[in-house]
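One letter stands for each residue in the lines below.
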Amino acid sequence: ELKVEQNPLFLSMQEGKNYTIYCNYSTTSDRLYWYRQDPGKSLESLFVLLSNGAVKQEGRLMASLDTKARLSTLHITAAVHDLSATYFCAAPTQGGSEKLVFGKGTKLTVNP
Amino acid sequence: GAGVSQSPSNKVTEKGKDVELRCDPISGHTALYWYRQRLGQGLEFLIYFQGNSAPDKSGLPSDRFSAERTGESVSTLTIQRTQQEDSAVYLCASSFFPDEGYTFGSGTRLTVV
């Protein structure tokens, strides 16, 4: 059974600092998805990582995927307050429904 | 449509009543998923549709929960005899080609009082 673990679950950081959120998954998966959720809102797609070694960047966020280590990272560079949100990673089950299995989320607070 | 549409956005119901939640996926998206998100929690998978068939219902928590999809389009999630533990946000997502990702609707916030 596919399990997805994120850490940390809570992250408080100062503006201008860098940090990395980690996402581990338990069984083989060739894709990994990152989403952002603001309070009371739905999920916004951030990154779709499709292969081993994939790296994608958007603004101050960069995501990478290592399928051999079953690890994805979301790196935050020079954080700003607007990045405050909950970030979820999700991996699809293989074959069948390819339903997404989500981590518990990382609640990020960026303080001035 | 341009995105995944869900209705109602909010629903307050009395314990024991039945509710219907609607999802209108992106046109042409053959795969449709229902998830539940309890307050402060992650997303729990409920059911998956491919076309009008539901080959994976493994996440439905009890027989009070059912769902259908018609015309390879709109899906309805029905909860019978609602209980307080059913209170959550119910999210729908659709996908045509997983490499392009899964698009989520804005959700229905269900409160059972």
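Residues numbered from 1 in each chain as written. Chains lettered and ligands numbered in written order. Predicted model: local features only at pLDDT ≥ 70, side-chain atom pairs only at ≥ 80, totals over all residues. Heavy atoms only, no water.

Visitor: Which residues make up the sheet that holds strand β8 (residues 75–79) of chain B, and what are the values?
Guide: Residues and elements named next belong to chain B. Read across the sheet, four strands follow the order β1-β3-β8-β7 without closing on themselves; strand pairing throughout is antiparallel. Of all strands in the sheet, those with a lone pairing partner are β1 (5–7) and β7 (65–69), marking the two edges. Across this sheet, the average inter-strand angle for adjacent strands is 15 degrees, counted without regard to direction. Two elements, strand β3 (residues 19–24) and β8, share five bridges in a ladder whose sense is antiparallel. Each bridged residue has a counterpart across the sheet, and for E20 the counterpart in β8 is T78. (Pairing = 2+ DSSP bridges. Helix = DSSP H or I, 4+ residues; strand = E, 2+ residues; numbered from the N terminus. Axes fitted to C-alpha atoms, helices over the stretch in contact; angles between N-to-C directions.)

Visitor: An account of the environment of L110(B) is needed here, citing residue identities and associated values.
Guide: All names here are of chain B. Counting through the fold element by element, L110 comes out in strand β11 (residues 108–112). Classification of L110 by relative accessible area gives buried; the value is 1%. Each C-alpha atom of the pair L110 and S9 lies 8.5 Å from the other, and the pair is 101 residues apart in sequence. Apart from residues no more than four positions distant in its own chain, L110 is found in contact with K11, T13, V19, I79, D86, S87, A88 and Y90. (Buried < 20%, exposed > 50% of the residue type's maximum accessible area, 1.4 Å probe, protein only. Contact = heavy atoms within 4.5 Å.)

Visitor: Give a description of the nonpolar core that names residues and reports values.
Guide: Residue and element names in this part refer to chain A. One finds V4, L32, W34, L74, I76, Y87 and L108 to be the most contacted residues of the largest nonpolar core, which totals 26 residues. Counting residues per element, the ones that place at least two in this core are β2 (10–14), β3 (19–25), β4 (32–37), β5 (43–49), β7 (61–66), β8 (71–76), β9 (85–92) and β11 (106–111). It is β9 that provides the largest number of residues to this core, a total of four residues. Sequence-distant contacts of L74, defined by excluding residues within four places in its chain, comprise Y19, T20, I21, W34, F47, L61, M62, A63 and Y87. (Core = buried A, V, L, I, M, F, W, Y, C linked by side-chain atoms within 4.5 Å.)

Distances and angles like these do not, on their own, reveal function.
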